[in-house]
Amino acid sequence: QVQLVESGGGLVQAGGSLRLSCVASGVTFSDYTMDWFRQAPGKEREFVAGISRGGAITDYANSVKGRFTISRDNAKNTVYLQMNSLKPEDTAVYYCAAQRGRIITYRLGDMDYWGKGTLVTVSS
């Protein structure tokens, strides 16, 4: 049974930092490109960041570029999202997702597995 379990969300003031983690089980982690998505209240789920299977290639949404960093540790079956300089508009439920492929994609329908999400709230 495949599971993706996110952690690290919480309440933080604007300008602060958080690090999200997502641990995968039931899959060969290194076979999967990993992504982070987020969904704010009343909005559609959107791509935040992605990382290739080996970790050499990353991609970011323009809204987080320069503030967020995605990384992975294949030995620990874990993908991370370091979020700095947080803004109130970053408030959302953050989801990790796994896609069995070489190419980072932005499309929700391309993801093979999803976590249940972790809530990030940024106060002004």
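Please read all numbers here as calculations on a predicted model, not as lab measurements.

## Focus on the overall build of the protein
Part 1 of the reasoning: Across its full length, the protein holds zero helices and 11 strands.
Part 2 of the reasoning: Against the 2.2 N^0.38 benchmark of 14 Å for 124 residues, the protein shows a C-alpha radius of gyration of 13 Å, consistent with a compact globule.
Part 3 of the reasoning: Principal axes of the C-alpha set define a box for the protein whose edges measure 40 × 25 × 25 Å.
Part 4 of the reasoning: Burial statistics for the protein: of 124 residues in total, 44% are counted as buried.
Part 5 of the reasoning: As displayed, the protein has an accessible area near 6400 Å², and 46% of this comes from carbon and sulfur atoms.
Part 6 of the reasoning: Side chains of the protein carry 14 positive and 11 negative charges; the gap between the two charge centres is 3 Å.

## Quick notes on the environment of Q3
Part 1 of the reasoning: As for its position among the elements, Q3 is in strand β1 (residues 3–7).
Part 2 of the reasoning: Distance from Q3 to S25, taken between C-alpha atoms, is 5.2 Å for residues 22 residues apart in sequence.
Part 3 of the reasoning: Apart from the residues within four sequence positions on either side, Q3 is in contact with V23, A24 and S25.

## Regarding the environment of G54
Part 1 of the reasoning: The residue G54 is located in the loop between β5 (46–51) and β6 (58–60) in this model.
Part 2 of the reasoning: For G54, a relative accessible area of 67% corresponds to the exposed category.
Part 3 of the reasoning: As for G54 and R102, which are separated by 48 residues in sequence, their C-alpha atoms are 9.4 Å apart.

## What about the packing of aromatic side chains?
Part 1 of the reasoning: One pass over the full model with this rule turns up five aromatic pairs.
Part 2 of the reasoning: Considering the side-chain rings of Y32 and Y113, the 6.0 Å spacing of their centres and the 55° angle between planes classify their relative orientation as tilted. Taken together, the residues Y32 in the loop between β3 (18–25) and β4 (33–39) and Y113 in strand β10 (residues 113–114) connect sequence positions 81 residues apart.
Part 3 of the reasoning: Note on F37 and W114: the rings are 5.0 Å apart at their centroids and 55° apart in plane angle, and the pair reads as tilted. In this pair, F37 sits in strand β4 while W114 sits in strand β10, placing the two residues 77 residues apart along the sequence.
Part 4 of the reasoning: Classification of F37 as buried rests on a relative accessible area of 0%.
Part 5 of the reasoning: Since its relative accessible area comes to 29%, W114 is described here as partly exposed.

Thresholds, definitions, all that
- Residues numbered from 1 in each chain as written.
- Predicted model: local features only at pLDDT ≥ 70, side-chain atom pairs only at ≥ 80, totals over all residues.
- Heavy atoms only, no water.
- Helix = DSSP H or I, 4+ residues; strand = E, 2+ residues; numbered from the N terminus.
- Rg over C-alpha atoms; globule rule 2.2 N^0.38 Å.
- Buried < 20%, exposed > 50% of the residue type's maximum accessible area, 1.4 Å probe, protein only.
- Areas by Shrake-Rupley, 256 points an atom, 1.4 Å probe, with all protein chains shown as cover.
- Lys, Arg positive; Asp, Glu negative; His and termini not counted.
- Charge placed at Lys NZ, Arg CZ, Asp CG, Glu CD.
- Contact = heavy atoms within 4.5 Å.
- Phe/Tyr/Trp six-rings, centres within 6.5 Å; stacked < 30°, edge-to-face > 60°.

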